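# Descriptive structure summary
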Amino acid sequence: MNSLDLLPPTASTYASQLNYFFWVMVTICGIVATGIALFIIYCAIKYHRRSPTELPPQSFGNIKAEATWTVVPLIIFLGMFGWGAKTYFDAEQPPPETLNIWVLGKQWMWEIQHPNGTREINTLHIPIYTPVRLTMISEDVIHDFFVPAFRIKQDVLPMRYMTIWFNATRPGKYHLFCAEYCGAKHSGMIGWVYAMNPNDYQVWLGQGGGEGSLAATGQKLFLNSGCANCHRPSGHGPGPSLERLYGTPVTLATGAVRIADESYIRECILGKKGGPVAGFTAIMPNYSGRLSEKQIIALVSYIKAIGPETDLNQPSSSGNTRRDYSSQPGIAAPGSTSISGTIPESR
Amino acid sequence: MIATAKIEAVEAPNYLTEKHGIKSWLLTIDHKRIALLYIFGITGFFVIGGVAALLMRLELLTPATDLVDPETYNKLFTAHGIVMVFFFLVPSIPTTLGNFLIPLMIGAKDLALPKLNLASWYVYMAGGAITLYAIASGGVDTGWTFYTPFSTVYSTTHVAAAAIGIFLVGFSSIMTGLNFIVTIHQLRAPGMTWFRMPLFLWSHYATSVVMILGTPVLAVTLLMVLVERVFGVGIFSPELGGDPVLFQHMFWFYSHPAVYIMILPSMGVVSELIAAFSRKAVFGYVFVAFSSIAIAVLGFLVWGHHMFVAGESVYSAMAFSILSYTVGVPSAIKVFNWSATLYKGSIAWETPLIYAIGFIGLFTIGGLTGLFVAALGIDVHVTDTYFVIAHFHYIMVGGAVMGYLGGLHYWWPKISGRMYPEALAKAAALIVFLGFNLTFFPQFVLGWLGMPRRYAAYPPEWQFLNIISTAGATILGVGYALPLVYLTWSWKYGPRAGANPWRATGLEWQVPSPPPTHNFEVTPIVTHKAYDYAGMKEQLGLG
C-alpha cells in the first residue's frame, strides 16, 4: 500500500484556481451541515418526549422564517453559480498561442501525435508554462480525456474534434484516465502525462519523429490522394485554393459562413460540411471511409501549415465566430506564451 | 396495547385473512395486497442489486483485477445500476407504501383504477423477468446509462433484452403514476381538501406527474436504441449518420427527473415521520407541499448538467448550471422546515424517527455536494468520478432508502398488524447509518483525487480509501439484512399492534390494523387539517 494521499496534485494554472473555489465551497457547506446537525441534536435532547401522552405546544409556520430560508440559500446558490461559471468560462478558451497536440482515442488506448511527427501511446509529454491545446477525436465509442492533476476533463467523441487546453505548472508524472465508460478494458485505458521543463521537452521531442512532421506527411497525402489536382495554389483549379485558408471565414453556397478550423477542414474532406463553397460546384468526391482519422489529422496539419502565418494557431472547435480572446482575464496575451504569473502551489 | 387480548377476541376479518390461497393474491385488486406483492418484488430485486454491489466492492479491495475479470466487473455494475434504479428505487416507495396508504390516507376504499394497479405489477414483473434473463444469460456491459454508440454498435452483450425489460417496466411506472393522480383528484373523502392532505400525498402527487411525463421519453429513447442496434437505422451512431450526444439529452431528460421520482416519495415519508415523532404539525405545511411541486417542475429543466464535458456549448452549460442551483432551493426549504418542526416538539426516539433524522443528515450531505457538481468548474473535474457516485448515493440510497425503511417501520404495524422488535430495529437503523457513511464518504475523497467510476482496477495509492469503503459496504449489508430478518419474524411472532400505536393523526390510523379489505366501514368525513394534534387530542388520548 502506498502513502495515503487525500488530495490530488495541483499542477496547472487552472487547478490552482479551482482548488481555491473548491475549499471555499467545502467551508460553506461544512458550516451549514454542522449547523443543521447541531440544531437537530439539540432538539432531540432538549425536547425528548417525557410522557407517552405528552402534547407539545403547536406551531404551524412563520412566513418570515420561510422567506429567510428561501431567499438566503437562493442568494448563496447564485453566488456559487457565478463563481463556478466564471471559473469555467475563463478557462474555456485557450490563449491565442498554444502548442497543438493531437489525441486519438480508441478502444483501449490513447495515441498522441506531436506536430513534429513524434507519436506516443498512453503517454503525453508536454512542457510546463506553455499553454497546450489538445485536439481530440475517437475512432470508435465515446472516451474521455481526464488528467486529475490539471483538473481537466473532456469527452472524446467519434467523428467530431473536441479540444481542451491547459497550462502545466509543475514538472512531474501525472495520471491520465479515460473517464467515459468505453467497454471491456475501460479501466485499462490509462496512461501518464509527463510535464517537463521546456528544455527537457525539446530534447525529448528531438528523440522521436523519424517519419517527418505531420504537415509533411499531410503534404505527401495531399499530393498522392489527388487533392492537389483541383485545389491548386493559384486558385484557378476546379476547387478553391487552400493556401492561406486556415482560420479565415469561408462563405458556403448556402450562405452560411464558417471559420476554416480543424473541424471544418475535416468535414470538407469527408463531404459533411453541407454543400460546396460559394462560387464552386460540388464535384469533390467523398473521402469518408477512404482515409483514416490519422491521415485526416495529417491533411488538416498540412492545410494548417500552409495557412496564413498570423492565424496559425487560431483556436476554435465548433465554428463559433463570436469569441473574443483578448478581453479575458487570466489568459496570456498573444506572444507571451511563457510564464503567466502563476506560481506552482505547494501543498 | 394493554387491550391486546380483547382485540383478538373480537377480531373481524382483515385484508390478509378475508381470502386465502395463492389465487386470492395473484388476482387481487386490493391496493393493500398489491402493495405486498410489490414488496416481494422490490425486495427480491434489492437483494440482487445488493449482491452485485457487494461483489464490486470486494473486487475493489485491491487495486488489481483479481476477484473478477474486467468484463465481469462491467456486467456487475451494469446489473447493479439497472436493477437498483429501474426495479428498486423508482418503484420502491410509490408501489409499496404509496399503494398501501394513498387510499387509506384520503379515506377511499381503493385506488381509482384497481385493475390497472394489478396490471402494473404484472408489467413490472414481466419487465423484471426479461431483464433478469439478460443478466443471467451472459449479462449486459453498457452501464445503466446505455451510452451510444457503445450500446448500439459496439457492445456484444444482451443490450436488446435489457432495453426491452426496462422499456416494459417503464409502463408499470406510468400506470402507477396515472392511478395515483386520478385517485387523489377523484377519491378524496368529504372534507379532505387539498390543503388538509398529509404531505405524503403531495409528494406522491408530484412524483406521479414526473412519472407520467418523464417515463415515455425513456421508452422512446430505449426504442431508438433498439432500432439502431437491431435494424442498423442511424440515430445515435455517427458512423450511421447519427448523433451520440442526442442520446445523452434524451436519456437524461428522463433520468434526471427519475432522481426526483426516487427522492420525492421519501420526502413525503419523512414529513409524516417527523410530524408523528415530534407530535407537531409539519412547520410551514404549504411551503413543504409546494416545494414538492417545485422540485417536480424544476427537475425537468436541469438534465444538461450531466453533459458539461460532452461538448455542450458554454452558454447552455451556464443555463443548466443556474437551473440546477434553483432545484436546491425547494430542497433546502424542506430540510429547514423539518428541522423547525423538531423545535419544541415532543421527540420520541423510535426507529422510524432515527431513519427520518438519518434521511435529513444524508440528504443534506447529498444536497450540499450537489452544489459542487452544479458548479461548472468543479463538475468538470469530478464528473464521472467517485465524487458523483458518492453524491448520488447519498441522495438515492441515503435519501430514498432511509425514507423507505423509516416508512416501512412506521407503517409496519398497520400493514402486518404486528410490532417489530424495537431494540433490534434501532440497532439496525444505526448500523445502516454508520455503514452508509463509511461506504460512501471516502468516495467523495476518491472522486476529488480523480478516481474514475466504472474502473475495475485503480492506482495502488487509492487502496486505503477503497478498503474503508468496502468495509462500510459490508456493515451496510448487515444493516439492510437485519430488517429483512426481523420484519419477517414479526409478521408472525411480533406483538399485536393496536389501530394507532404511535398516537398519530391521519385516517390510516383510524382503521384497525391490519385494515379490513374495504378500508373504511363508513366513508369518513374529514374535519381536521393534517397533523392537527391539538384538535384531535381527546381522540388520540394526549395532553
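Everything numeric here is computed off the predicted structure, so don't read it as measured data.

Moving on: the overall build of chain B. The helix and strand inventory of chain B stands at 18 helices and zero strands. Taken over C-alpha atoms, the radius of gyration comes to 23 Å for chain B, in line with the 24 Å a tight globule of 543 residues would show. Structurally, chain B occupies a C-alpha span of about 70 × 45 × 45 Å along its principal axes. Per-residue burial for chain B yields a buried fraction of 64% across its 543 residues. Sequence separation of at least 24 residues holds for 84% of the intrachain contacts in chain B that already meet a minimum separation of 6.

The next thing to look at is the sheet that holds strand β6 (residues 143–147) of chain A. Through backbone hydrogen bonds, the strands of a sheet pair up, either in parallel or in antiparallel fashion. Residues and elements named next belong to chain A. The sheet built from five strands is open, its strands ordered β4-β10-β9-β6-β7 with mixed pairing. A strand with exactly one partner marks an edge of an open sheet, and here the two such strands are β4 (123–127) and β7 (152–156). Mean inter-strand twist for the sheet, computed between neighbouring axes without regard to direction, equals 20°. Lying over the sheet, helix α3 (residues 198–207) contacts β4 and β10 (190–196), oriented at roughly 130° with respect to β4.

Turning next to the interface of chain B and chain A. Contact residues are listed per partner, giving 76 residues for chain B and 73 residues for chain A. Mapped by element, the contributors of at least two residues to the side of chain B that touches chain A are α4 (70–89), α7 (150–154), α11 (285–298), α12 (314–342), α13 (351–374), α14 (376–382), α16 (422–449) and α17 (463–493) of chain B. A total of 14 residues in the side of chain B that touches chain A trace back to one element, the largest contributor, which is α12(B).

Let us now look at the confidence of the model for chain B. Per-residue confidence for chain B gives a mean pLDDT of 95; residues scoring 70 or more make up 98%. Taken over the whole predicted complex, pTM reads 0.91, whereas the ipTM for its chain interfaces reads 0.92.

So, on to α12(B). All names here are of chain B. With 29 residues, α12 ought to run about 42 Å at 1.5 Å a step, and its terminal C-alpha atoms sit 43 Å apart, in line with that. Among the 29 residues of α12, 21 are classified as buried, and the element is accordingly described as predominantly covered. The positive-phi residue at the C-terminal boundary of α12 is K344, with phi of around 60°.

Bringing the domain arrangement of chain A into the picture now. Accessible area lost upon the coming together of the parts serves often as the stated size of an interface. According to the domain assignment, chain A consists of domain 1 (13–47 + 61–92), domain 2 (99–207) and domain 3 (214–311). Between domain 1 of chain A and domain 3 of chain A, the C-alpha centre-to-centre distance is 51 Å.

This next bit is on the pairing of strand β1 (residues 99–106) of chain A. Residue and element names in this part refer to chain A. Direction of pairing for β1 relative to strand β5 (residues 131–138): parallel, over a ladder of seven bridges. The partner of L104 across the bridge, within β5, is I137. Note: β1 against strand β2 (residues 109–113), five bridges, orientation antiparallel. Across the sheet, W102 pairs through a bridge with Q113, a residue of β2.

The rules behind the values
Sequence positions are assigned chain by chain, starting from 1 and proceeding in written order. Chains and ligands are labelled sequentially in the order written, the chains with letters from A and the ligands with numbers from 1. In keeping with the predicted nature of the model, local features appear solely for residues at pLDDT of at least 70, side-chain atom pairs appear and are counted solely at 80 or more, and the whole-chain, interface and lining totals rest on all residues. A run of H or I in DSSP becomes a helix once it reaches four residues, and a run of E becomes a strand once it reaches two; helices and strands are each numbered from the N terminus. Two things to know: the radius of gyration comes from C-alpha atoms, and the globule rule equals 2.2 Å times the number of residues to the power 0.38. Each residue is classified by how many other C-beta atoms fall within 10 Å of its C-beta atom, where C-beta atoms are placed from the backbone; a count of 20 or more means buried, 12 or fewer means exposed, and values in between mean partly exposed. We call two residues in contact when the distance between their C-beta atoms, placed using the backbone, is within 7 Å. In this description, strands pair whenever DSSP reports at least two bridges between them. Helix axes are fitted to C-alpha atoms over the stretch in contact, other axes to C-alpha atoms as well, and angles between N-to-C directions run from 0 to 180 degrees. pLDDT: the predictor's confidence for each residue, scored from 0 to 100. What a helix should span is 1.5 Å times the count of its residues minus one. For each domain, the first and last residues come from an automatic or database assignment.

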